[in-house]
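Observations on the three-dimensional arrangement
Chain residues, written in single-letter form:
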Amino acid sequence: MKIIIILISTIFVNNVILAQFLGICPFLGTSKKTSTAVGMGAAVIFVLVLATLVTYLLNKYLLVPNGLQFLQTIAFILVIAALVQMVEIILKKISPSLYTALGVFLPLITTNCCVLGVAITVVTKQFTFGEAAHMLNLGEAIIYAAGIAIGFAVALIIFSGIREHIDLMEAPEGTKGTPIALITAGILAMAFMGFGGLV
């Protein structure tokens with residue numbers, strides 16, 4: 001039951017983009033085409049889950065035992081940068097078209113505050129399930145990261161579909177481009193607020 005609560009709360013209720021406003025740059029930048037949004041969503045899922053796994057273990061077995069918690073941010077950034085480089089190399093070999101479509105936004109996963117934010121949240125924040133607050137164990141941390149990443153991908157794909165539809169319509173002159181995208185994102189965020197009472 002705890003797994004379902006974590007997934008529902010991270011995907012819908014506390015969506016990383018629409019409720020926490022993390023990862024807005026790739027959200028706006030890669031949402032012009034659904035195919036690019038799907039690729040970006042998959043890359044973020046892979047990087048976020050892997051980064052959470054590695055940073056959790058790094059924090060638990062290296063930083064905390066040696067009293068080096070003050071190095072968390074720097075260590076986590078280095079781990080995330082290395083993982084993004086790995087994803088970039090793999091995508092270049094497996095899917096050159098997706099690699100080209102993602103363009104500059106693939107290296108931007110390195111600076112995507114969503115990835116770093118989740119890695120830091122998992123090791124520092126106490127979560128409340130039922131009556132008692134506790135730190136997440138490794139399994140719960142992976143599920144939490146997967147839920148956040150899936151929520152990111154869901155919001156990105158829905159938003160890209162809406163943007164493709166808007167491009168086919170004639171928007172008022174003053175709202176074309178970024179303004180209509182921001183208005184749409186705001187309406188989408190309000191729609192996701194409807195999930196607020198689920199958990």
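Keep in mind that this is a model prediction, so the values were computed, not measured. Every chain begins its residue count from 1, and numbering advances along the sequence as written. Under the rules for a predicted model, residues below a pLDDT of 70 receive no local features and side-chain atom pairs below 80 are neither given nor counted, while totals for whole chains, interfaces and linings still include all residues. Side-chain metrics rest on all non-hydrogen atoms present in the structure, leaving aside hydrogens and water.

**With respect to the overall build of the protein**
- Numbered from the N terminus, helices here are DSSP runs of H or I no shorter than four residues, and strands are runs of E no shorter than two. Along the backbone of the protein there are eight helices and two strands.
- Of the regular secondary structure in the protein, the N- to C-terminal order runs α-α-α-α-α-α-β-β-α-α.
- Each radius of gyration is computed over the set of C-alpha atoms, and the globule rule expresses the reference value as 2.2 Å times the number of residues to the power 0.38. Radius of gyration (C-alpha) of the protein: 18 Å, near the 16 Å computed for a compact globule of 199 residues.
- Projected onto the principal axes, the alpha-carbon positions of the protein cover approximately 60 × 45 × 25 Å.
- Within the span of the protein, comprising 199 residues, buried residues form 40% of the whole.
- Within the structure as shown, the protein displays about 10200 Å² of accessible surface, and the carbon and sulfur contribution to it stands at 71%.
- When charges are counted, Lys and Arg contribute as positive and Asp and Glu as negative, whereas His and the chain ends are disregarded. Where a charge lies is defined by one atom per residue type: Lys uses NZ, Arg uses CZ, Asp uses CG and Glu uses CD. On the protein, the mean spot of the 9 positive side-chain charges and the mean spot of the 7 negative ones are 9 Å from each other. When a residue's accessible area, from a 1.4 Å probe over protein chains only, is under 20% of the maximum for its type it is buried; when over 50% it is exposed; and in between it is partly exposed. Note on areas: Shrake-Rupley with a 1.4 Å probe; residue coverage comes only from the protein chains shown.

**With respect to the packing of helix α7 (residues 138-168) against helix α8 (residues 178-192)**
- Close contact between α7 and α8 brings their axes to 11 Å; oriented N to C, the two are set at 135 degrees. Relative to α8, α7 is oriented oblique. Seen along the crossing, α7 lies across α8 with a hand that is right-handed. Here α7 contributes Val154, Ala155, Ile158, Phe159, Ile162, Arg163 and Ile166 to the contact with α8, which in turn contributes Ile180, Ala181, Thr184, Ala185, Leu188 and Phe192. What counts as an axis is a line fitted to C-alpha atoms, over the stretch in contact for a helix, and the angles between N-to-C directions run from 0 to 180 degrees. Just so you know how the angles are binned, under 35 degrees is roughly parallel, over 145 roughly antiparallel, 65 to 115 roughly perpendicular, and the rest oblique. For any helix crossing, the convention is left-handed if the near helix is rotated counterclockwise from the far helix by under a right angle, and right-handed if that rotation is clockwise. Contacts are residue-level and defined by heavy atoms, with any inter-residue pair within 4.5 Å sufficient.

**A short note on the packing of helix α1 (residues 2-13) against α7**
- One can describe the packing of α1 onto α7 by two numbers: an axis separation of 7 Å at closest approach and a directional angle of 30 degrees. One element, α1, and the other, α7, form an angle in the roughly parallel class. Regarding α1 and α7, the two cross each other, and that crossing is right-handed. On α7, the residues that touch Lys2, Ile3, Ile6, Leu7, Thr10 and Ile11 of α1 are Glu140, Ile143, Tyr144, Gly147, Ile148, Ile150 and Gly151.
- Each residue is assigned to one class: nonpolar for Ala, Val, Leu, Ile, Met, Phe, Trp, Tyr, Cys and Pro, charged for Asp, Glu, Lys and Arg, and polar for all the others, Gly among them. Residue composition of the contact of α1 with α7, by class: eight nonpolar, three polar and two charged.

**Observations regarding the side chain of Ser31**
- Within the secondary structure, Ser31 sits in the loop between α2 (24-29) and α3 (34-63).
- Separated by 2.8 Å, the side chains of Ser31 and Arg163 make a polar contact.
- Contact partners of Ser31, with chain neighbours within four places excluded, come to Pro26, Leu156, Phe159, Ser160 and Arg163. Two N or O atoms form a polar contact when they lie within 3.5 Å of each other; inside protein one atom must be a possible hydrogen donor and the other a possible acceptor, and for residues adjacent in sequence the pair counts only when both atoms belong to side chains.

**Describing the pattern of salt bridges**
- Basic side-chain nitrogens of Lys or Arg form a salt bridge, by our definition, when they fall within 4 Å of a carboxyl oxygen of Asp or Glu. Here the structure, examined in full by the defined rule, presents three salt bridges.
- Glu173 is the salt-bridge partner of Lys176, the closest N and O atoms lying 3.5 Å from each other.
- Judged by relative accessible area, which is 67%, Glu173 ranks as exposed.
- One network of salt bridges, in which partners are shared, links Glu170, Glu173 and Lys176.

**Comments concerning α8**
- Take the number of residues in a helix, subtract one, and multiply by 1.5 Å to get its expected span. Taking 1.5 Å as the rise per residue, α8 with 15 residues should run 21 Å; its terminal C-alpha atoms sit 21 Å apart, in good agreement.
- Residues of α8 that are buried: Ile180, Ala181, Thr184, Ala185, Leu188, Ala189 and Phe192.

**With respect to the environment of Lys125**
- Tracing the chain through its elements places Lys125 in the loop between α6 (113-124) and β1 (127-129).
- It is 8.4 Å that separates the C-alpha atoms of Lys125 and Leu136, two residues lying eleven residues apart in sequence.

**Quick word on unusual backbone geometry**
- You will see that Phe21, though not glycine, has its phi angle at about 60 degrees, which is positive.
- For Phe21, the position within the fold is in the loop between α1 and α2.

**Examining the confidence of the model for the protein**
- Per-residue confidence for the protein gives a mean pLDDT of 86; residues scoring 70 or more make up 97%.
- Each residue carries a pLDDT score, the predictor's confidence in it, ranging from 0 to 100. Per-element confidence in the protein is highest for α7, whose mean pLDDT is 91, and lowest for β1, whose mean pLDDT is 69.

**Things to note about the nonpolar core**
- Counting residues in hydrophobic clusters, the biggest one holds 48 residues, and the most contacted among them are Leu18, Phe27, Ile109, Val122 and Tyr144.
- Other than its neighbours up to four places away in sequence, Tyr144 contacts Ile6, Thr10, Val118, Thr121, Val122, Phe127 and Leu136. Think of a nonpolar core as a cluster: buried Ala, Val, Leu, Ile, Met, Phe, Trp, Tyr and Cys residues, connected wherever their side-chain atoms sit within 4.5 Å.

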